[in-house]
Amino acid sequence: MYSYNKIKFSGTNAAPRTAPFAKQSSRALPPLQSLKLLDQLRERIRYLHYSRSTEENYVYWCRFFIRWAGKRHPKEMGKKEVEAFLTFLAVERKVSVSTHRVALSSLLFLYQKVLSIELPWLDEVTRPTVRRRLPVVLSTDEVSAILLRLTGHHSVLGKLLYGTGMRINEALQLRVKDIDFAHRAIVIREAKGFKDRVVMLPSTLEEPLRAQLAHARAVWTRDNAVSRAGVFLPHALEKKYPNAGKTLAWFWVFPQAEVSVDPHSGIERRHHLYDQTFQREFKRALVAAQIAKPATPHTLRHSFATNLLQSGYDIRSVQELLGHSSVNTTMIYTHVLNVAGRGVISPLDRL
């Protein structure tokens, strides 16, 4: 929900005219090599090692902003245009708070990091007020009903999400080397906030994971037989270790069935399983289980945390397993337990 009590400008598509920015940013960044604005945006994002999903979102919203303003160059626009655009998104497009924040962050990055323009009016831009909402949580019976209706590698992936509390992209981006059966652990590399963490390897998932790794090895063997390009490696590892992407250690635990062209390099290679594929399978399982909750694959992560707290595990341990920077983020799951009436008897039951 939005709180726009301070907004006094209109949300029409016609952006009001304003003087170009004059004050330039003093923060030292290397000069850009690209000529086109959106290419410069991509170049700066990659230089700062932002994720691919962040790059896609920032490029989308900056392009949207430019088209909304009649293809005017952002240097010709300023506070009024940005405020009018944000109002347009909130009032006419009715975007969510999180989407609104991403759009604003995209524009700030464009002005500050690409155009090297300071935003002295930044504190005056009204932002929507975030209202914390309780996450959707599944009971253990509901989780079991869903997992029973998932098959093949989707079943392994669903059990992995619920059994470890991973985010879906963290699970999809697992490499063979990240599974440690000897220590019954799974290493998650460069998760949200570029942090590594270790989660448990559920004992009931050991055999299914070994079978999944056998499948991954078979796919890797076929790729090597036809001299296919290795899998994507992060940062400069591909240049530092040119053959590492062709090794089994760096291969995906959940490889995609078909090869595709890497949009960044233009090389045809094997990608990991797409998140949309699992999301569709999860939705089918949810419907088949007749569960009337707006659950998504991320709900398995919420359920993992809530069920751990129900079992008596301390909140700090849950925080570390989830990879939260602050325990305040993890506290939302204690609210779920309180709402569920943990330890509280309704007066109706005493009648």
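In the block above lies the structure referred to throughout.
Anyway, here's the lowdown on the structure attached to this text. (Residues numbered from 1 in each chain as written. Predicted model: local features only at pLDDT ≥ 70, side-chain atom pairs only at ≥ 80, totals over all residues. Heavy atoms only, no water.)

**Focus: the packing of helix H11 (residues 297–310) against helix H12 (residues 315–322)**
Relative orientation and spacing of two packed helices are given, respectively, by the angle between their axes and the distance between those axes. Contact geometry of H11 with H12 gives a least axis separation of 10 Å together with a crossing angle of 160 degrees. Of the possible angle classes, the one that applies to H11 and H12 is roughly antiparallel. Both H11 and H12 take part in a crossing whose hand is right-handed. Contacts between H11 and H12 involve Arg-301, Phe-304, Ala-305, Leu-308 and Leu-309 on the former and, on the latter, Ile-315, Val-318, Leu-321 and Leu-322. A breakdown of the residues in the contact of H11 with H12 according to their chemical character gives eight nonpolar, no polar and one charged. (Axes fitted to C-alpha atoms, helices over the stretch in contact; angles between N-to-C directions. Helix = DSSP H or I, 4+ residues; strand = E, 2+ residues; numbered from the N terminus. Parallel < 35°, antiparallel > 145°, perpendicular 65-115°, else oblique. Left-handed = near helix turned anticlockwise from the far one by under 90°. Contact = heavy atoms within 4.5 Å. Nonpolar A, V, L, I, M, F, W, Y, C, P; charged D, E, K, R; others polar.)

**Describing the packing of aromatic side chains**
Between two aromatic rings, the relevant description is the distance of the centres plus the angle of the planes. In total, this model carries 13 aromatic pairs according to the counting rule given. Both rings, one in Tyr-60 and one in Trp-61, keep their centres 5.0 Å apart while their planes meet at 85 degrees; by these two values the pair is edge-to-face. Since its relative accessible area comes to 8%, Trp-61 is described here as buried. The interplanar angle of 35 degrees and the centroid separation of 6.3 Å between the aromatic rings of Trp-68 and Phe-88 together place this pair among those described as tilted. Within this pair, whereas Trp-68 is found in helix H2 (residues 52–68), its partner Phe-88 is found in helix H3 (residues 79–92), the two being separated by 20 residues in sequence. In this pair, the class of Trp-68 matches that of Phe-88, namely buried. Each member of the aromatic cluster is reached from another via a ring pair, and the members are Tyr-60, Trp-61, Phe-64, Phe-65, Trp-68, Phe-85 and Phe-88. The ring centre of Trp-250 lies 4.4 Å from the NZ or CZ of Lys-177, which sits over that ring. The ring of Phe-181 has Arg-210 sitting right over it, with the charged end atom 4.0 Å from the ring centre. (Phe/Tyr/Trp six-rings, centres within 6.5 Å; stacked < 30°, edge-to-face > 60°. Buried < 20%, exposed > 50% of the residue type's maximum accessible area, 1.4 Å probe, protein only. Lys NZ or Arg CZ within 6 Å of the ring centre and 35° of its normal.)

**Structural notes on unusual backbone geometry**
Although it is not a glycine, His-49 adopts a positive phi angle of roughly 60 degrees. The residue His-49 is located in the loop between helix H1 (37–47) and H2 in this model. A relative accessible area of 42% places His-49 in the partly exposed class. Notably, Ser-227 is not glycine yet its phi reads approximately 55 degrees, a positive angle. For Ser-227, the location among the structural elements is in the loop between helix H8 (206–225) and helix H9 (237–240). According to the relative accessible area criterion, Ser-227 is exposed, its value standing at 64%.

**So, the environment of Ala-28**
Assignment of secondary structure puts Ala-28 in the segment before H1. Among the residues examined, Ala-28 registers a relative accessible area of 70% and is labelled exposed. The sequence separation of Ala-28 and Lys-113 amounts to 85 residues, and the corresponding C-alpha distance is 9.7 Å.

**Details of the nonpolar core**
Residues Leu-157, Leu-160, Met-166, Ile-179, Ile-186, Leu-209 and Phe-251 are the most contacted members of the largest nonpolar core, which totals 56 residues. Other than its neighbours up to four places away in sequence, Leu-209 contacts Val-156, Ile-179, Phe-181, Ile-186, Leu-201 and Val-253. Counting residues in hydrophobic clusters, the runner-up holds 32 residues, among them Leu-38, Trp-61, Leu-110 and Val-114. (Core = buried A, V, L, I, M, F, W, Y, C linked by side-chain atoms within 4.5 Å.)

**Quick notes on the packing of H3 against helix H4 (residues 97–114)**
Here H3 crosses H4 at 160 degrees, and the two axes come no closer than 10 Å. With respect to H4, the element H3 is oriented roughly antiparallel. Between H3 and H4 lies a crossing of right-handed hand. For the pair H3 and H4, contact is made by Val-82, Phe-85, Leu-86, Leu-89 and Ala-90 and by His-100, Ala-103, Leu-104, Leu-107 and Tyr-111, respectively.

**Some points on helix H10 (residues 275–288)**
The first and last C-alpha atoms of H10 sit 20 Å apart over 14 residues, in line with the 20 Å expected at 1.5 Å per residue. Every buried residue belonging to H10 is among Thr-277, Phe-278, Phe-282, Ala-285 and Leu-286, and all of these are buried. Close packing links the buried residues of H10 with helix H5 (140–148), helix H6 (152–164), helix H7 (168–172) and H11. Immediately downstream of H10, the backbone of Gln-290 shows phi near 60 degrees, a positive value. (Expected span 1.5 Å × (residues − 1).)

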